[in-house]
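# Remarks on the overall topology
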Amino acid sequence: MNPSKQATPYLVAAASIIVIITGLKVAAPLLVQLLMALFIAIICMPSIRWMEDHKVPRSLAIVIVLAVILAFVYAVVALVGDSINAFNANKEFYIEQLSSRVKSIADWVASHGMPIENVNIAAAFEKADIMSLVTMVLGGVGNIFSDFFLIFLCVIFILAETTSFPAKFSRAFSNAQDKMLHVNNILSKIRHYLAIKAATSLLTGVLAALALLFIGVDYPFLWGMLAFLLNFIPNLGSLLAAIPPVILALIQLGPIGVMWTGISFFAINNIVGNYLEPKLMGKMLGLSAFVVFLSLILWGYIFGIVGMFLSVPLTMMIKIALDTNEKTRWLGILLGPEEEAKEVVVPSES
């Protein structure tokens, strides 16, 4: 067979992927809101079904769940809204204090004979504009709540349509039962992942806020909420969440405050992120660490910070879909961890 003909399907597949990514990037402003609404609805469905099993009318169950969502958003805004405004108002003061603190540290290092004559630490901090980076991170998280009204409406309509989905699905496909099993498998895994991630993120945020309150860093509940939200971002989220309180500890309390703040975040992230969360997740994630990192970059490029939040669930959906088809199962195996590949049974020769 001609080698060029053999390569044609792979070239077509690569071109199709590029076109799809470009299309998703262009439609990101709309798709981000729909994806957020979809995943919120997926999380809410078990609660609605539980209330229905206990004789609560479906409409009332939906109203209760939506009221809880509204109460949560209101609590977040009430708890950290004033802190965000106060932090932004005092940003210039913190920048001046940071420059002064860094200069003092540089002078102290120079007085002990360290060869730093050619290294201007203060200029490096000023060039990096770290406080603006902190403000940008807070602004990115705030954008998630800025379109909340539209997302909330989408959640209402999705939850209202869930009862008719099985009937529509059975009419649309000839082998609807098998396909519905695959859909339920995807939804179940995503639901369990989001539930465990939400619980561990909440624990991380509470512990971080209490630690910062005890140390004496300003706006502890703001940084605790930031730790809760950014913990949904794999690999980089916990690091990003630690940057603002560590810088603020340097400004307020000096090197001792930085040390205690760093130790607190390191201990919390190791206990919750490296021990408790993997123990609860088990093999449910089904993705290799490298694939998780690549998905973070890819979905972050397409959908921004919301894509980083949803990178793991979106990649899980793709992997499960690949696993259900014989022709694409090899791709699902490549996306999975090493343990999953070892479990693939190779038929023995008779």
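All figures in this text were calculated on a predicted structure; none of them were measured in a lab.

Within the chain, the regular secondary structure consists of 17 helices and 0 strands. For the chain, the proportion of its 350 residues judged to be buried stands at 37%. Restricting the contact set of the chain to residue pairs at least 6 apart, pairs at least 24 apart contribute 71%. If you sum the accessible surface of the chain, you get close to 20,600 Å²; carbon and sulfur atoms cover 70% of it.

On the surface, a nonpolar cluster with roughly 540 Å² of combined accessible area is contributed by Leu-79, Leu-202, Val-206, Leu-210, Leu-213 and Phe-221. For the nonpolar patch, the element with the highest residue contribution is helix α9 (residues 176-215), accounting for 4 residues. Here Leu-79 is to be found in helix α3 (residues 58-89). Taking relative accessible area as the criterion, Leu-79 reaches 43% and is therefore assigned partly exposed.

Take the packing of helix α13 (residues 289-303) against helix α15 (residues 311-323) next. Helices that pack against each other are described as a pair by the angle of their axes relative to one another and the distance between those axes. Between α13 and α15, the least distance of the axes is 9 Å, while the angle of their chain directions is 110°. It follows that α13 is roughly perpendicular to α15 by the angle criterion. Together, Val-291, Val-292, Ser-295, Leu-296, Trp-299 and Phe-303 of α13 and Ser-311, Val-312, Leu-314, Thr-315 and Ile-318 of α15 make up the contact between the two elements. Tallied by class, the residues present in the contact of α13 with α15 amount to 8 nonpolar, 3 polar and no charged.

Another point: helix α7 (residues 148-161). A rise of 1.5 Å per residue sets the reference length of α7, with its 14 residues, at 20 Å; its end C-alpha atoms lie 20 Å apart and thus fit the reference within 8%. Those residues of α7 not exposed but buried are Phe-148, Ile-151, Phe-152, Cys-154, Val-155 and Leu-159. Looking down the long axis of α7, one finds its buried residues gathered within 160° of arc, a one-sided arrangement. Facing away from the buried surface of α7 by more than 90 degrees, the exposed residues are Phe-149 and Phe-157.

The next thing to look at is the environment of Arg-101. When you line up the elements, Arg-101 lands in helix α4 (residues 91-111). Judged by its relative accessible area of 27%, Arg-101 is partly exposed. In this structure, the C-alpha to C-alpha distance between Arg-101 and Gln-252, residues 151 residues apart in sequence, is 9.2 Å. Setting aside chain neighbours within four positions, we find Arg-101 in contact with Leu-250, Ile-251, Gln-252, Leu-253 and Gly-254.

Now for the confidence of the model for the chain. Confidence in the prediction of the chain, expressed as mean pLDDT, is 76, and 75% of residues score 70 or more. In the predicted structure, residues 345-350 sits below a pLDDT of 50 and forms 0 contacts with residues beyond four places in sequence or in another chain.

Glancing now at the packing of aromatic side chains. The tally for this structure, following the rule as stated, stands at 4 aromatic pairs. Ring centres of Phe-72 and Phe-228 lie 6.3 Å apart, and the angle between their planes is 70°; this geometry places the pair in the edge-to-face category. Of this pair, Phe-72 sits in helix α3 while Phe-228 is found in helix α10 (residues 220-230), placing the two residues 156 residues apart along the sequence. We classify Phe-72 as partly exposed; its relative accessible area is 40%. Judged by relative accessible area, which is 11%, Phe-228 ranks as buried. Considering the side-chain rings of Phe-232 and Phe-309, the 6.4 Å spacing of their centres and the 45° angle between planes classify their relative orientation as tilted. You can see Phe-232 sitting in the loop between α10 and α11 (237-253) and its partner Phe-309 sitting in helix α14 (residues 305-309), a full 77 residues away along the chain. Grouping residues by exposure puts Phe-232 and Phe-309 together as buried. In textbook terms, an aromatic cluster arises when at least three aromatic residues are bridged by ring pairs, as seen for Phe-72, Phe-228, Phe-232 and Phe-309.

As a further point, take the nonpolar core. Phe-39, Leu-66, Ile-69, Leu-159, Phe-303, Leu-310 and Leu-314 are the most contacted members of the largest nonpolar core, which totals 42 residues. Elements that contribute at least two residues to this core include exactly α2 (28-53), α3, α7, α9, α13 and α15. For this core, the element with the most residues is α2, which contributes 12 residues. Among residues more than four places away in sequence, those in contact with Leu-66 are Phe-152, Val-155, Ile-156 and Leu-159.

Following the criterion strictly, the structure yields 2 salt bridges and no others. Ionic pairing is found between Lys-197 and Glu-277, a salt bridge with its closest N-O pair at 2.9 Å. Highlighted residues: Lys-197 in helix α9 and Glu-277 in helix α12 (residues 255-281), separated in sequence by 80 residues. Take Lys-197 and Glu-277: they sit in the same class, and that class is buried.

The rules we used
Residues numbered from 1 in each chain as written. Predicted model: local features only at pLDDT ≥ 70, side-chain atom pairs only at ≥ 80, totals over all residues. Heavy atoms only, no water. Helix = DSSP H or I, 4+ residues; strand = E, 2+ residues; numbered from the N terminus. Buried < 20%, exposed > 50% of the residue type's maximum accessible area, 1.4 Å probe, protein only. Contact = heavy atoms within 4.5 Å. Areas by Shrake-Rupley, 256 points an atom, 1.4 Å probe, with all protein chains shown as cover. Patch = residues over 30% accessible without salt bridge, like charges linked within 9 Å, V, L, I, M, F, W, Y side chains within 5 Å. Salt bridge = Lys/Arg side-chain N within 4 Å of Asp/Glu carboxyl O. Axes fitted to C-alpha atoms, helices over the stretch in contact; angles between N-to-C directions. Parallel < 35°, antiparallel > 145°, perpendicular 65-115°, else oblique. Nonpolar A, V, L, I, M, F, W, Y, C, P; charged D, E, K, R; others polar. Expected span 1.5 Å × (residues − 1). Arc of directions from axis to C-beta. pLDDT = per-residue confidence, 0-100. Phe/Tyr/Trp six-rings, centres within 6.5 Å; stacked < 30°, edge-to-face > 60°. Core = buried A, V, L, I, M, F, W, Y, C linked by side-chain atoms within 4.5 Å.

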